[in-house]
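# Coordinates in review
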Amino acid sequence: MINQTPKVSIIVPIYNAAEYLSRSIQCLINQTLDDIEIILVDDGSTDESYQICERYQSKDKRIKLFHKTNEGQGIARNYGIEHASGEFVGFMDSDDTVDVNMFKELYEKAQSCEADMVYSFMENEIMSKDIWFENFIADTKEYRVEVINQIIGSLPIEQEDSILGMSVWRSIFRRELINSRNIRFISERKVNSEDMLFNFDFLINCNKVAFVDKAFYKYCHDNSNSFSVTYNDKRFIMFKNLYNELKKRLDMYNLNDDYQLLRIQRRFLANVRVILMEKARWINKNNRLHVLESIKEILNDELLKSLLNDYPIDKLPFKQKVYFKMMRKKKVYSLVILAKLKMKFL
């Protein structure tokens, strides 16, 4: 018998995911935590996605189905939050799947630790058994800020650009806190990595975060219509917006010291590196001049030039140091050649 208040509301934004949707919905129906609410938000799909959802809704009363005009994944998630009634909220993308025990284990961890958020991992994600967050409980502001730091970005001397993944679908969040603090997603049409901002806002406002050192989430790399893999030529502007939003939060929460700035600066530089390599790999004889000009335009951006001059590039790992020095000197053709050689900076 399902309680009046579900333990977890799982929000799934959907856009043209008909090819993958059945397996995604089925893995939620099969969850070993029976007392869940499955919120399907069709974001203006033009394929058979909505009809597939209707068929599943007719068979399972735990499913709530909504159809809205297309506004993007972040706004669709916000719509789901507004219609959720669970004690906790979780998220899943419409082309992905999760382990059948995911929400049971996350919810039980939240209950046993009295946590507001429980963080886990995705399949094939590297989990180091000696890393600091194994069995870690972030129950002070200092610890929660450190979790934020590890999501946002690393310090210059560290090998990886960040330690913890930013995606919200790996976690569950206490719904009461989301609503009382009015925590919502910014549209991914305005900023890239909107999940990072949601995590930041939640972590700074919650009381306790717990970890489950298991890989529950199975990310799909095959969907060309996915919210996350579609090529967007405006990504540089959107990453600048992310940098400004992060900087705004450092000021808002009195975290604006050199230590924190270095982290968001590394995140921005890493994002630009990804964009430039992506652009270079997209070059062909038809778009060559346009792509080269767009790379030059990025390299002439005032914010980027300022960071490349001020950031301690010499402390970065060797390959990144070489790449950023080429960016600083605006060696467009060298950057393109490196990308074509598929040097593994990312």
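Shown above is the structure to which this text applies.
Structural notes, computed from the coordinates.

Here is what the cut-offs are and how they apply
- Residues numbered from 1 in each chain as written.
- Predicted model: local features only at pLDDT ≥ 70, side-chain atom pairs only at ≥ 80, totals over all residues.
- Heavy atoms only, no water.
- Salt bridge = Lys/Arg side-chain N within 4 Å of Asp/Glu carboxyl O.
- Helix = DSSP H or I, 4+ residues; strand = E, 2+ residues; numbered from the N terminus.
- Buried < 20%, exposed > 50% of the residue type's maximum accessible area, 1.4 Å probe, protein only.
- Core = buried A, V, L, I, M, F, W, Y, C linked by side-chain atoms within 4.5 Å.
- Contact = heavy atoms within 4.5 Å.

## Looking at the pattern of salt bridges
- Per the stated rule, a full pass over the model turns up 23 salt bridges.
- Here Glu87 and Arg174 are joined by a salt bridge, their closest N and O atoms 3.6 Å apart. Taken together, the residues span a long stretch of sequence, with Glu87 in the loop between helix 3 (73-82) and strand 4 (88-91) and Arg174 in strand 8 (residues 171-174) at a distance of 87 residues.
- Glu87 gets classed as partly exposed once you look at its relative accessible area, which sits at 26%.
- A salt bridge links Asp161 to Arg273; the shortest N-O distance between them is 2.6 Å. Linking Asp161 in the loop between helix 5 (141-152) and strand 8 with Arg273 in helix 9 (residues 258-281), this pair joins segments that are 112 residues apart in sequence.

## Considering the nonpolar core
- In this structure, Phe91 and Met327 are the most contacted members of the largest nonpolar core, which totals 112 residues.
- At nine residues, helix 9 tops the list of elements feeding residues into this core.
- Those residues in contact with Phe91, other than ones at most four positions away along the chain, are Ile11, Arg77, Ile81, Val168, Trp169, Phe173, Phe185, Phe198 and Tyr217.

## Section: unusual backbone geometry
- Positive phi outside glycine occurs at Glu114, with the angle close to 55°.
- With respect to the helices, strands and loops of the structure, Glu114 is situated in the loop between helix 4 (102-113) and strand 6 (117-122).
- Relative accessible area serves as the criterion here: at 62%, Glu114 is assigned to the exposed category.
- For Asn254, which is not glycine, the phi dihedral falls at a positive 55°.
- Within the secondary structure, Asn254 is located in the loop between helix 8 (235-252) and helix 9.
- Take Asn254: its relative accessible area is 71%, and that puts it in the exposed class.

Taken by themselves, the reported measurements are silent on function.
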